[in-house]
Amino acid sequence: MIEQQRVQANGVDFAYLTDGPADGPLAVCLHGFPDSAWGWRHLLPALAAAGYRAVAPFQRGYAPTAVPADGLYQSGVLGVDANALHEAL
């Protein structure tokens, strides 16, 4: 069952959707513009059924994730966010 949770990463309060066992290998599904984490709603249960902890974060600035205080949205900072999310999760 897909749940919404929150985590701090790279100075941003991220909301994310998750499904699967907490101790399963992590699969992070990143959306692009103009999509959102909900675009992965059909894949998350399939990954969970395969034993993965499937996570789809709402990228910085996409509600319900916080708007970043630094105001940055370039691809480089999105990559840093992805690495920080991987570590935090």
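Cut-off values and rules
Residue positions are counted from 1 within each chain, in the order its sequence is given. Local features in a predicted model are, by the rule used here, given only for residues with pLDDT of at least 70; side-chain atom pairs are given and counted only at 80 or more, and totals for whole chains, interfaces and linings are based on all residues. Heavy atoms throughout the structure, all of them, feed into the side-chain values; hydrogens and water do not. The helix and strand labels rest on DSSP assignments: H or I over at least four residues marks a helix, E over at least two residues marks a strand, and numbering proceeds from the N terminus. Every radius of gyration here is taken over C-alpha atoms, with the globule rule written as 2.2 Å times N^0.38, N being the number of residues. Three exposure classes are used, based on accessible area relative to the maximum for each residue type with a 1.4 Å probe and protein chains only: buried under 20%, partly exposed in between, and exposed over 50%. Per-residue accessibility takes into account occlusion by the displayed protein chains alone, with areas from the Shrake-Rupley method and a 1.4 Å probe. Positive residues here are Lys and Arg, negative ones are Asp and Glu, while His and the chain termini are left out of the count. For charged residues, the charge sits on one atom: NZ in Lys, CZ in Arg, CG in Asp, CD in Glu. Any two strands with at least two DSSP bridges between them are considered paired. For helices, the fitted line uses only the C-alpha atoms of the stretch in contact; every axis is such a line through C-alpha atoms, and the angle between N-to-C directions lies from 0 to 180 degrees. Side-chain atoms within 4.5 Å link the members of a nonpolar core, which is a set of buried Ala, Val, Leu, Ile, Met, Phe, Trp, Tyr and Cys residues. In what follows, a contact means two residues having at least one pair of non-hydrogen atoms within 4.5 Å. For this document, the term salt bridge refers to a Lys or Arg side-chain nitrogen within 4 Å of an Asp or Glu carboxyl oxygen. Under the rule applied, a polar contact is a pair of N or O atoms within 3.5 Å (in protein, one hydrogen donor and one hydrogen acceptor; residues adjacent in sequence only if both atoms are side-chain atoms).

Caption draft 1: Structural detail: the overall build of the protein chain. Within the protein chain, the secondary structure is distributed over two helices and four strands. In terms of C-alpha radius of gyration, the protein chain reaches 12 Å, essentially the compact-globule figure of 12 Å for 89 residues. Projected onto the principal axes, the alpha-carbon positions of the protein chain cover approximately 35 × 25 × 20 Å. Across the 89 residues of the protein chain, 37% fall into the buried class. With an accessible surface of roughly 4900 Å², the protein chain has 58% of that area assigned to carbon and sulfur atoms. The distance from the centre of the 4 positive side-chain charges to the centre of the 8 negative ones in the protein chain is 4 Å.

Caption draft 2: Inspection of the sheet that holds strand 3 (residues 26–28) at higher detail. Read across the open sheet, the four strands follow the order 1-2-4-3; overall the sheet is mixed. Only two strands of the sheet have a single partner each, and these edge strands are strand 1 (3–9) and strand 3. Averaged over all adjacent pairs, the angle separating strand axes in this sheet is 35°, with direction ignored. Relative to strand 2 (residues 12–19), strand 1 runs antiparallel, the two being bridged by seven bridges.

Caption draft 3: Structural context of the nonpolar core. By size, the foremost hydrophobic cluster in this structure holds 10 residues: Ala-15, Leu-17, Ala-27, Cys-29, Ala-37, Leu-44, Leu-47, Ala-54, Ala-56 and Phe-58. Counting residues per element, the ones that place at least two in this core are strand 2, helix 1 (43–49) and strand 4 (53–57). Discounting residues that sit within four places of it in the chain, Cys-29 has contacts with Trp-40, Leu-43, Leu-44, Leu-47, Val-55, Ala-56 and Pro-57. Listed in part, the nine residues of the second largest apolar core include Val-12, Tyr-16, Val-55 and Leu-89.

Caption draft 4: Focus on the side chain of Asp-19. For Asp-19, the location among the structural elements is in strand 2. The side chain of Asp-19 is buried and forms no salt bridge, while Arg-53, the nearest opposite charge, is found at 9.9 Å. Among the polar contacts listed, one links the side chain of Asp-19 to the backbone nitrogen of Met-1, at a separation of 3.1 Å. Residues contacting Asp-19, with those up to four places away along its chain left out, are Met-1, Ile-2, Leu-44, Pro-45, Ala-48, Tyr-52, Arg-53 and Ala-54.

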